[in-house]
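Geometric and topological summary
The lines below spell out each chain.
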Amino acid sequence: MRKRSLCTVTACAVLLGVTTAGPAAAAGSAASVEHTSGAGLTAHITAPPSGTAHVAVPVPVTAHTAAASAPAAAHTATRASAQTAASAPVTVSAFGGMAVDGPLDRVFVGDSTAGSVTAADYSGDSLATVSGIAGVSDLAVSTDGTTLYAAEPTTHDVVVLNASTLAVEATYPVATTKGPTHLAFTSGKLWFTYGDQWSGNLGSVDPAVNTSGGAGAVTLGQMPAGVGAGLWNPALTSTQPSAPGVLALAETGLSTDSMAVLDVSSGTPQLTAWYQGDYSLNSGINDISLVPGASQVLVNGTLLDGYANGKFSKVGSYPNNASVGTASPDGYVAQSSGATVYVFKAGSQTPLHTYPSNASALAWAPDDSRVFALAGQNTATGTAYGLQVLTDPTKVLPTLTASAPASGSVGKAYTVSGKLSSQLPIPAGTQLSVTRVDLAHPAGYLTAFKPVTAADGSWHFTDTSSIGGPVTYRIGYAGDSEQSAVSASATINIARSATTVSISANSSGYSYGGWAHVTAHLGRTWNGRTVEIDALPVGMPQTLVARGTVDRYGNLSAWYKVTRNTRFSAWFAGDYFYGTAWAGRWVNGYAEIADVLDNAYGSNSYAGYRFQLFHQAKPPVMGIAVGPNKADQCITLTGQWYYSGGWHILTPQGCFTLGSNGVVWIQLNLTGFPLGSHFRIAPEYGGDGINAATWGNWLYFSITS
């Protein structure tokens, strides 16, 4: 017999409307049907008054929620007390200055977005943080290392902190609408720059006048005569401990070249040199640093400009076209270019040392023992700056290489070799250390091998292995007073026999939230019988299900709750004589469907089935919920008509789109069928790659007059 649809073509539609009509209910009441499946999905499909469909379905939904940004805190005159931080790397959202305290062996880093200053030790681990310094833009340390100064341009203050505790000791208001911005300390005073776009100026704080932050300590308008029309915007500042009383200033920006050197030793700035020219010396200043022991400034870590007789002139440069750089108290130069920090001896064109770092700010320790770099900011991803500590910057970094054969066999000799080279001579007979790491010694052990270098720096030794698997050799050069320690490694893979591992499950598919019993089986091995079982649900990270020793039959079993299509895998990491092995298999994780019919006025039994009864004037309304939430995806309906002692298929209907909560209401119109006909209907979800296709329950009903 030809299949028939659930309603005639002339009767509105085959199946009318998705959420366009709801189940009827008496005013002030609601019909509610609860369906609970074996897998645990509970769907509450509630019919509201006035016939408007309404659905509330608490189904499992995988959700991704981004952390909301915290509202900006209002500035108050009260600043937060310093909080001791657990030892951790220092990160900041936006650069707010960096200063090094030699007497205390500390480095301070400002975060202008957070309005905070963090103190770190010389290893780069945070010690304490003080907050409430709104928009902090720069930091400076007093000559004796006891006091830290912070520029607070948002509130136009200079904040004075105890360098040991980060306790706020005083606040100096600055009468300006822009700044203070950049800081430098020399000759007993803190110097700061401030001012708008066209009138950058210079001010100072004399803590000897009033250490409590009161009036009289701050002096503005100290840019000396001869500095043209002033500097555009607040200028960059630089001082050197070896040149007290000397202050360098520089305009900053893409089209800036103006700079000055002042003598502030008397407390009243005097002009030493001034440049505002044709961009022949500089074209865009990002950084300026006084060069100790010479009447020079280092611009952007690259250009060397000398000053004499009131003028500047070009005297040299360093390679790499860097963007930032600074000179150490002993004249070494650190610069950042691209993803590398270079360190040069004064006047040299060959770097002593290089470090992988995309630093945007650099600062020397006063004893030249290390360079502090603030690096890593990515404006596209918002990655924070991180404090890096670059050690041994004034030592030559040698190059050490090591190589070994790619593969070998148990008991067969092989040779490990390499070369040590440097800018400085490497004496023949220089001894190296060798640490060996293998499956029997995963932490490594220092071997008796002590290879020595030949005249050309080459070295080698011969070894054998009594077990299989990877064998790694770590070669070390201890360095000396002029050269840094350096290391290299090489790995040989000693052949092992093959073994097998398999993975099985107690079913090929599971209802939503069903438990899979998974078994890994391991074949022949030597001294390793540990297997790992992992699960990889579609669209989610792989997770460890179980790790353990297999039983005497080679099996390890575990249970796993399946909510998505999932790949189970078994992994054997290998042992002394048998190699690694892996196996995987996929199982289906079915979606779950809850379905109900509403508007029934009763029920009866017929042909061994229980049917809900509906009046022709109030046809059934079918509610369908799919879990996990499958909003905007399709549901298909399959119906059957019972006659002549059996069920006969009607034309399948779809697509019916699930709502935002994973639910759809469908009104069933069955005009054209004889009254008293008996039907059953079931929804089907077709799957989406995350969950496999599945069917809902058969719902049985009959239409009466």
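Counting restarts for each chain, with residues numbered from 1 along the sequence as it is written. Residue-level local features of this predicted model are given only where pLDDT is at least 70; pairs of side-chain atoms are given and counted only at 80 or more, and the full residue set underlies all totals for whole chains, interfaces and linings. Only hydrogens and water are removed before side-chain values are computed, so all heavy atoms of the structure are retained for them.

A short note on the overall build of the chain
Per the secondary structure count, the chain includes zero helices and 59 strands. Buried residues in the chain amount to 49% of all 705 residues. Every residue pair with non-hydrogen atoms within 4.5 Å of one another is taken to be in contact. In the chain, of all internal contacts separated by at least 6 residues, the share reaching a separation of at least 24 is 56%. Accessible surface computed for the chain: about 31000 Å², of which carbon and sulfur atoms make up 52%. Helix and strand assignments follow DSSP, with helices taken as H or I runs no shorter than four residues and strands as E runs no shorter than two, numbered in order from the N terminus. Buried, partly exposed and exposed residues are distinguished by accessible area as a fraction of the type maximum, computed with a 1.4 Å probe on protein chains only: under 20%, between the cut-offs, and over 50%, respectively. Each accessible area is a Shrake-Rupley estimate made with a 1.4 Å probe; only the visible protein chains count as cover when residues are assessed.

Concerning the layout of surface pockets
Put simply, the largest pocket is a space of about 1400 Å³. Using only the protein atoms, space was sampled on a 1 Å grid; points where a 1.4 Å probe fits but cannot get out form cavities, open sets with protein on both sides within 12 Å along at least five of seven lines form pockets, and lining residues are those with an atom within 4 Å of a point. The wall of the largest pocket is formed by 50 residues, among which Met98, Leu139, Leu183, Thr237 and Ser238 lie closest to the centre. Elements with a minimum of two residues in the lining of the largest pocket: strand S6 (95–101), strand S10 (138–141), strand S14 (182–186), strand S18 (236–238), strand S22 (288–291), strand S26 (324–327) and strand S30 (359–364). In terms of residue count, S6 provides more of the lining of the largest pocket than any other element does, six residues in total. Each residue is assigned to one class: nonpolar for Ala, Val, Leu, Ile, Met, Phe, Trp, Tyr, Cys and Pro, charged for Asp, Glu, Lys and Arg, and polar for all the others, Gly among them. Taken together, the residues that form the lining of the largest pocket break down as 25 nonpolar, 21 polar and four charged. Grid points are joined across faces, edges and corners, and a volume is the space filled by probe spheres set on the points.

Description of the pairing of strand S16 (residues 201–205)
Burial within S16 is extensive, with four of its five residues counted as buried. Should DSSP find at least two bridges between two strands, the strands are regarded as paired. Summarising the sheet, strand S15 (residues 189–194) and S16 pair through five bridges and their orientation is antiparallel. Bridge pairing links Tyr194 to Asn201 in S16. The hairpin turn running from S15 into S16, its antiparallel successor, is six residues long, and Gly195 in that turn takes a positive phi close to 115 degrees. When S16 meets strand S17 (residues 218–219), the two strands line up antiparallel, connected through two bridges. By the bridge assignment for S17, Val205 is matched with Val218.

Some remarks on unusual backbone geometry
Note the cis peptide between Gly179 and Pro180, where omega equals -5 degrees. Tracing the backbone shows Pro180 in the loop between strand S13 (168–173) and S14. Between Gly627 and the following residue, Pro628, the backbone shows a cis peptide bond with an omega angle of 0 degrees. Structurally, Pro628 can be placed in the loop between strand S52 (621–627) and strand S53 (634–643). Even without a glycine there, the phi angle at Leu166 is positive, about 65 degrees. You can see Leu166 is positioned in the loop between strand S12 (157–162) and S13. In the Ramachandran plot, Asp392 falls in the positive-phi region, its phi being about 50 degrees despite a non-glycine side chain.

Notes on the pattern of salt bridges
When their charged atoms lie close together, side chains carrying opposite charge are able to pair. Whenever Lys or Arg places a side-chain nitrogen within 4 Å of a carboxyl oxygen from Asp or Glu, that contact is recorded as a salt bridge. If you walk through the whole model with that rule in mind, you get four salt bridges. Among the salt bridges present, the one from Asp463 reaches Arg436, with a minimum N-O distance of 2.9 Å. Here Arg436 lies in strand S36 (residues 433–438) and Asp463 lies in strand S38 (residues 458–463), a separation of 27 residues in the sequence. For Arg436, a relative accessible area of 5% corresponds to the buried category. Arg547 is paired through a salt bridge with Glu532; the nearest N and O atoms lie 2.8 Å apart. Residue Arg547 is found in strand S45 (residues 543–549), and its partner Glu532 is found in strand S44 (residues 530–537); the two are separated by 15 residues along the sequence.

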